[in-house]
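Now for the letters of each chain:
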Amino acid sequence: MKPPRVVTIDGAAGSGKSTLARGLASALGLAYVNTGLMYRALTLAAVDGQVDVDDGARLATLLATLRFSLDDGEPPQVRIEGGPSGPRLAGAEVEAHVSAVARHPEVRAPMRAEQRRLGENGAVMEGRDMGSMVYVDAPVKLYLEADPTVRAARRSRDRAEGGAAMALHARDRSDMRVIPFEPAQGAVVIDTTHREIVEVLGEALAIVRARAPELTA
């Protein structure tokens, strides 16, 4: 069986996953699938619908009302139908609850199936378990890490958050309860602490060329 035309990108919040994933997708002519956005959409739908984030069964029922597809952008990105979208997905109310929503097996199983479907024609897949669970057979897996102080500064800049360091540590603790922070088997680790995105993107493209040259054709 041919390996999927997929690159997975994992790492902690603020390590640069989204920026790299979007740039890599554009460079390779692949879709960009931000799987965290899918969990955020479900979280916001739960908040708006007053669904208990500790009730996995109700969250799974709510998830069934959402539809995910790819838009016509350059690169194509996740489109959410039947639920909330827009800037609120990055807001504090979602940030506070998204890890709790994502920890439920009843939620993760159908999410993983949807993510596999979204990447079936080729994609750069950004998310915590992309290389370890969803696309174990991906030919290229990247894992980003960065100093916590740098990650907090990036989050503060990107989201205008107050108390970014405390918020980041809280998010790290919550995320670790869902999936430990460790690279998937076969992943290449890239430290982004003191590096510009152009440099990181260049390294990522070199890794793709070495491991899956068919993705650059």
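Heads up: the structure comes first, above all this text.
Residues numbered from 1 in each chain as written. Predicted model: local features only at pLDDT ≥ 70, side-chain atom pairs only at ≥ 80, totals over all residues. Heavy atoms only, no water.

1. A word on the overall build of the protein chain
Secondary structure summary: the protein chain contains ten helices and seven strands in total. Approximately 10400 Å² of the protein chain is accessible, and the part contributed by carbon and sulfur atoms is 53%. (Helix = DSSP H or I, 4+ residues; strand = E, 2+ residues; numbered from the N terminus. Areas by Shrake-Rupley, 256 points an atom, 1.4 Å probe, with all protein chains shown as cover.)

2. Considering the environment of M111
On the secondary structure map, M111 appears in helix 6 (residues 105-118). Owing to a relative accessible area of 0%, M111 belongs among the buried residues under this scheme. As for M111 and L63, which are separated by 48 residues in sequence, their C-alpha atoms are 8.5 Å apart. (Buried < 20%, exposed > 50% of the residue type's maximum accessible area, 1.4 Å probe, protein only.)

3. Notes on the side chain of N34
Position of N34 relative to the elements: it lies in strand 2 (residues 31-34). Within the structure, the side chain of N34 is placed 3.4 Å from the side chain of Y32, a separation counted as a polar contact. At 3.1 Å, the side chain of N34 and the backbone nitrogen of G36 are in polar contact. Look past the residues within four positions of N34 in its chain and what remains in contact with it is S18, V78 and E126. (Polar contact = N/O pair within 3.5 Å; in protein donor to acceptor, adjacent residues only side chain to side chain. Contact = heavy atoms within 4.5 Å.)

4. What to know about the nonpolar core
Counting 34 residues, the largest nonpolar core has L42, F68, V78, M111 and M125 as the members making the most contacts within it. Put simply, the parts of the chain that give this core at least two residues each are strand 2, helix 2 (35-48), helix 3 (56-63), strand 4 (78-81), helix 5 (98-102), helix 6, strand 5 (123-126) and helix 7 (130-134). With seven residues, the top contributor of residues to this core is helix 2. Ignoring anything within four residues of it in the chain, the contact list for M125 reads V6, V7, T8, I9, V33, T35, Q115, G119, M130 and Y135. (Core = buried A, V, L, I, M, F, W, Y, C linked by side-chain atoms within 4.5 Å.)

5. Overview of the sheet that holds strand 5
Spatially, 2-5-1-6-7 is the arrangement adopted by the five strands of the open sheet, whose pairing is parallel. The open sheet terminates on both sides in strands that have one partner only, identified here as strand 2 and strand 7 (188-191). Sheet twist, expressed as the mean angle between neighbouring strand axes with direction ignored, is 20°. Bridge analysis of strand 1 (residues 6-11) against strand 5 gives four bridges, and the strand direction is parallel. (Pairing = 2+ DSSP bridges. Axes fitted to C-alpha atoms, helices over the stretch in contact; angles between N-to-C directions.)

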